[in-house]
Amino acid sequence: MSQFTWQRAVIKVGSALIAPDGKACSSQFLLPIAQFIVASRAQGKEVILVSSGSVAAGRGKIGYKHHPSIAEKQAMAAIGQTQMMANWARLFDFDCGQILLTSDDFHNRTRYVNIKNTLRELLHNNALPIVNENDTVVINELKVGDNDNLAAYTALVAQADTLIICSDIDGLYDADPRQNPNAKFIPRVDEIDHSIHQLAGGAGTSVGTGGMRTKIQAAEKCAKSGIQTLIVNGRKPEVFEQLALSKQPGTLFVPSKNRDSARTQWLRHTLRSKGTLVIDDGASIALANNGASLLPSGITSVLGSFKPGEAVDIRYKDQIIAKGLCLYGNSELSQIKGQRSDKIETILGYSSGEVAVHRDDLVLL
C-alpha cells in the first residue's frame, strides 16, 4: 500500500454515512472518521469537514416522502442542519464552527475572500470548520452531486493540499462493483481524461446526492489546482486506521501541478488587477525577503478604484513586484495608508484585518 502524506485536508462525508437510514442522523459510521480527525489534529495537521446530510437528517421530522418538493427539502434541511451539527459536535472535545455556503459564494470575490478569512481564523483558533450547502435557501444547488463539488471548491479556497472524499464504495473501478463482481479496482489515476469520466456511474444510493461522476468532477477541479484527491470507503473503520498510518486506501487522483504553481498562475493570469498599491522600501524588503504580508504602514499611494477582495498590483518605484487580493477597498486604504495596523479601527470605525494584502493571497512577480 502506497504512502499518503498531507498537511491540510478537506474531508467530505456524504449523506449515506451521516443518515444511513435516510431519516435521521446516526454515528454508526462517523466515530472512526472523528477519531481520525482527532488523531490528525494531534499530529499538527489541519482538517476542514464538508458534511452532507441536513436534508436526510430532517427527513423523518417533516414526513418521509420519496420525492419531496423543494420547499419540503428546505424545511427538512432547516431542521436537519442543527441535528447534523450536534451529531458531529458530540464526537469532539473541541469547538466546531458551522459555515453554510452556496456556489454563488465562491463566484463572488468579496464573499470568496470572506470564506477564506473565516476558514483561516477557525483553523488558527483550533476549531474544526464544518461546511455544508445552505440547503434552506438555495434551489439549483440541491441538484445531484453538489456537495462533492462543494468540497472541491472548499479545498481550493482553503488552499488545502488534499481532498478526501468518503463514499460508500472503495474507490474507482473499471465497472460498477455492485453489479459486476469482476470489476477491477483502480488504485491510482495520474490523469483524468475522457476514459476516466466514462467509468463514472450515477448516484450510488437513494440517500446521497452524488455518485462517482461528481466525485471525479471534484477530483478534476482539485487536480488542476495542485490538490491530491483520495476517494475512500467511509463505511470501513480500517480505512481511517490506514490513513492514520500514512497509508493510502482507496483511489488516489494525482494532481497535475504543484500547489504553488497553480496558485501563482491563478493570481497572475486569471485575476485582472483593479488598482495599484505603491509601497516603500521597508515593505518591498519585507515582501521580497521575509515572506511577509503587506501592511497599511508600508503603502505610500493608492491608485485606481477597487473593492475589498479584488486584485491589485503592488508597485515599488517603477516596477510591479507583486499582485494580490486586497482586504480593503481603495477609499479605505487611502485613509489608512502609512498608518500602523492598530490604528485601523480608530480611523475606519471597523477592521477587516491588520494587513492590506495577506501573504496567502499574494504572489511575487
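See the structure shown above.
Residues numbered from 1 in each chain as written. Predicted model: local features only at pLDDT ≥ 70, side-chain atom pairs only at ≥ 80, totals over all residues. Heavy atoms only, no water.

(A) Up close: the overall build of the protein. Helices and strands together make up the secondary structure of the protein, namely 14 helices and 15 strands. Within the span of the protein, comprising 365 residues, buried residues form 51% of the whole. Nonlocal contacts in the protein, meaning residues at least 24 apart in sequence, comprise 72% of its contacts between residues at least 6 apart. Surface summary for the protein: the accessible area is close to 16400 Å², and the carbon and sulfur share equals 47%. (Helix = DSSP H or I, 4+ residues; strand = E, 2+ residues; numbered from the N terminus. Buried < 20%, exposed > 50% of the residue type's maximum accessible area, 1.4 Å probe, protein only. Contact = heavy atoms within 4.5 Å. Areas by Shrake-Rupley, 256 points an atom, 1.4 Å probe, with all protein chains shown as cover.)

(B) Quick peek at the nonpolar core. Core analysis: the largest hydrophobic core is formed by 39 residues, its most contacted members being Val10, Leu163, Leu172, Ile216 and Phe253. Mapped by element, the contributors of at least two residues to this core are strand E2 (46-51), strand E3 (96-101), helix H6 (109-124), helix H7 (146-157), strand E5 (162-167), strand E6 (172-173) and helix H9 (212-223). Setting aside its immediate chain neighbours within four residues, valine 10 contacts Ile48, Val50, Ala151, Thr154, Ala155, Ala160, Thr162, Leu163 and Ile164. Grouped together as the second largest cluster of nonpolar side chains are 32 residues, Phe29, Ile37, Met84 and Val254 included. (Core = buried A, V, L, I, M, F, W, Y, C linked by side-chain atoms within 4.5 Å.)

(C) Local environment of the pairing of E2. E2 sits mainly inside the fold: five of its six residues count as buried. Here strand E1 (residues 8-13) pairs with E2 via six bridges, running parallel. Residue isoleucine 11 lies in a different strand from E2, and its bridge partner there is leucine 49. Pairing of E2 with strand E4 (residues 128-133), which is carried by two bridges, proceeds in the parallel orientation. Looking at the pairing, valine 50 lines up with valine 131 of E4. (Pairing = 2+ DSSP bridges.)

(D) Representation of the environment of valine 131. Within the secondary structure, valine 131 is located in strand E4. By relative accessible area, valine 131 is classed as buried at 1%. Taking the C-alpha atoms as reference points, valine 131 and serine 52, separated by 79 residues in sequence, lie 8.6 Å from one another. If we skip the residues at most four places from it in the chain, valine 131 touches Ile48, Leu49, Val50, Ser51, Ile99, Leu101, Leu150 and Thr154.

(E) Here's a closer look at the packing of helix H3 (residues 54-62) against helix H4 (residues 70-89). Two elements in contact, H3 and H4, have axes separated by 6 Å at closest approach and are oriented at 110°. Classified by the angle between their axes, H3 and H4 sit roughly perpendicular to one another. Taken together, the residues of H4 that come into contact with H3 (itself represented by Ser54, Val55, Ala57, Gly58, Arg59, Lys61 and Ile62) are Lys73, Ala75, Met76, Ala77, Ile79, Gly80, Gln81 and Gln83. (Axes fitted to C-alpha atoms, helices over the stretch in contact; angles between N-to-C directions. Parallel < 35°, antiparallel > 145°, perpendicular 65-115°, else oblique.)

(F) Broad picture of unusual backbone geometry. For asparagine 126, which is not a glycine, the phi torsion comes out positive at approximately 60°. When you line up the elements, asparagine 126 lands in the loop between H6 and E4. We note that glutamine 159 has phi near 55°; this positive angle belongs to a residue other than glycine. When you line up the elements, glutamine 159 lands in the loop between H7 and E5.

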